Amino acid sequence: MCLLRDEIDVMVWMIFDIEKEMPRKRIQIKKIDNISSRQVTFSKRRKGLFKKAQELSTLCDADVALIVFSTTSKLFEYASSSVEQVIERLNRHSAIHRLDRPSIEQQLERDSNDTLRKKVEDNTREVRQLNGEDLQGLTLQELQKLEELLKRGLTCVSKAKDENAMQEISTLQRKAEELMEENQKLKQVPSLIHGQRQQLECIISSSSYLPEEDYSDTSLKLGLP
């Protein structure tokens, strides 16, 4: 019996060693559809997570806080000191971190301001060079490029001046034509007045030859009976 018991123990240990050496079946990480299985897994994993957090706090003297809400909105929390103290410490650290390192928006705004400032400086220097200033230190190629730029600008200015002059000439010609037309109209006014005056005189002279009406008094003669 003792030999049989020893053999059974050996077999048990062999089976244990075989199971230990066998690789564990990997569980696919995705949402568990079965509600009961999901709750059981949540309970097991939560206890394991809290246990690991406690071990980390004890072994490494770390300040740890865990806050977990289940699907039923039930709160589970663990803290090496207290959750409130850890959250307050987190807020202080975040405030210091924001002061030490600017945010992405501030960095983008700073970069944009630097770019605009550089553009303004380049444009100002270019304008001064076009005016014949700050030419010291320019190479021969840069001076030739500046000369070509000035020539091109002078050509554009001359072209714009000629176009403006032509427009002014056209405007003056149009105004002169309008004045000549108005002058012609004004010259025709006296002849019209003279014609109307002659017509009026003809009417007056023709009315003087009309026969006069006989306005002599008539007397009534009464006959005797």
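Residues numbered from 1 in each chain as written. Predicted model: local features only at pLDDT ≥ 70, side-chain atom pairs only at ≥ 80, totals over all residues. Heavy atoms only, no water.

1. Quick word on the overall build of the protein chain
If you tally the helices and strands in the protein chain, you get five helices and two strands. Listing each helix as α and each strand as β along the protein chain from the N terminus yields α-α-β-β-α-α-α. Expressed as a percentage of the 225 residues in the protein chain, the buried residues total 6%. When contacts within the protein chain are restricted to residue pairs at least 6 apart in sequence, long-range pairs at least 24 apart make up 17% of them. Total accessible area on the protein chain stands at roughly 21800 Å², and carbon and sulfur atoms take up 57% of it. (Helix = DSSP H or I, 4+ residues; strand = E, 2+ residues; numbered from the N terminus. Buried < 20%, exposed > 50% of the residue type's maximum accessible area, 1.4 Å probe, protein only. Contact = heavy atoms within 4.5 Å. Areas by Shrake-Rupley, 256 points an atom, 1.4 Å probe, with all protein chains shown as cover.)

2. Description of the nonpolar core
Counting residues in hydrophobic clusters, the biggest one holds seven residues: F50, A53, V64, L66, V68, F76 and Y78. For this core, the secondary-structure elements that each account for two or more residues are α2 (35–60), β1 (65–69) and β2 (75–79). (Core = buried A, V, L, I, M, F, W, Y, C linked by side-chain atoms within 4.5 Å.)

3. Observations regarding the packing of aromatic side chains
Tallying each qualifying case throughout the model produces two aromatic pairs. Between F50 and Y78, the aromatic rings sit 6.3 Å apart at their centres with planes inclined by 35°, giving tilted as the arrangement. Taken as a pair, F50 in helix α2 and Y78 in strand β2 lie far apart in primary sequence, 28 residues in all. The pair formed by F50 and Y78 is uniform in burial state, with each residue classed as buried. Against the face of F76 rests R46, its NZ or CZ located 4.1 Å from the ring centre. (Phe/Tyr/Trp six-rings, centres within 6.5 Å; stacked < 30°, edge-to-face > 60°. Lys NZ or Arg CZ within 6 Å of the ring centre and 35° of its normal.)

4. Some remarks on the confidence of the model for the protein chain
Of all residues in the protein chain, 75% attain a pLDDT of 70 or more, and the chain-wide mean is 77. Put simply, helix α1 (residues 2–21) is where the protein chain has its lowest mean pLDDT, 52, and β1 is where it has its highest, 92. Every residue in residues 212–222 is under pLDDT 50, and counting partners more than four places away or in other chains gives zero contacts. (pLDDT = per-residue confidence, 0-100.)

5. Digging into the pattern of salt bridges
Scanning the entire structure with this criterion turns up seven salt bridges. The partner of R117 in a salt bridge is D114, and the shortest N-O contact between them spans 2.8 Å. Note that R117 and D114 are positioned in helix α4 (residues 104–130) at a spacing of three residues, about one turn of the helix. You can call R117 partly exposed: its relative accessible area is 45%. Since its relative accessible area comes to 38%, D114 is described here as partly exposed. (Salt bridge = Lys/Arg side-chain N within 4 Å of Asp/Glu carboxyl O.)

6. Some points on a negative patch on the surface
A cluster of acidic residues, E177, E178, E181 and E182, forms a negative patch on the protein surface. For E177, the position within the fold is in helix α5 (residues 140–207). (Patch = residues over 30% accessible without salt bridge, like charges linked within 9 Å, V, L, I, M, F, W, Y side chains within 5 Å. Lys, Arg positive; Asp, Glu negative; His and termini not counted. Charge placed at Lys NZ, Arg CZ, Asp CG, Glu CD.)

7. Overview of the side chain of S57
When you line up the elements, S57 lands in helix α2. If sequence neighbours within four positions are ignored, S57 has contacts with A62, V64, Y78 and S80.

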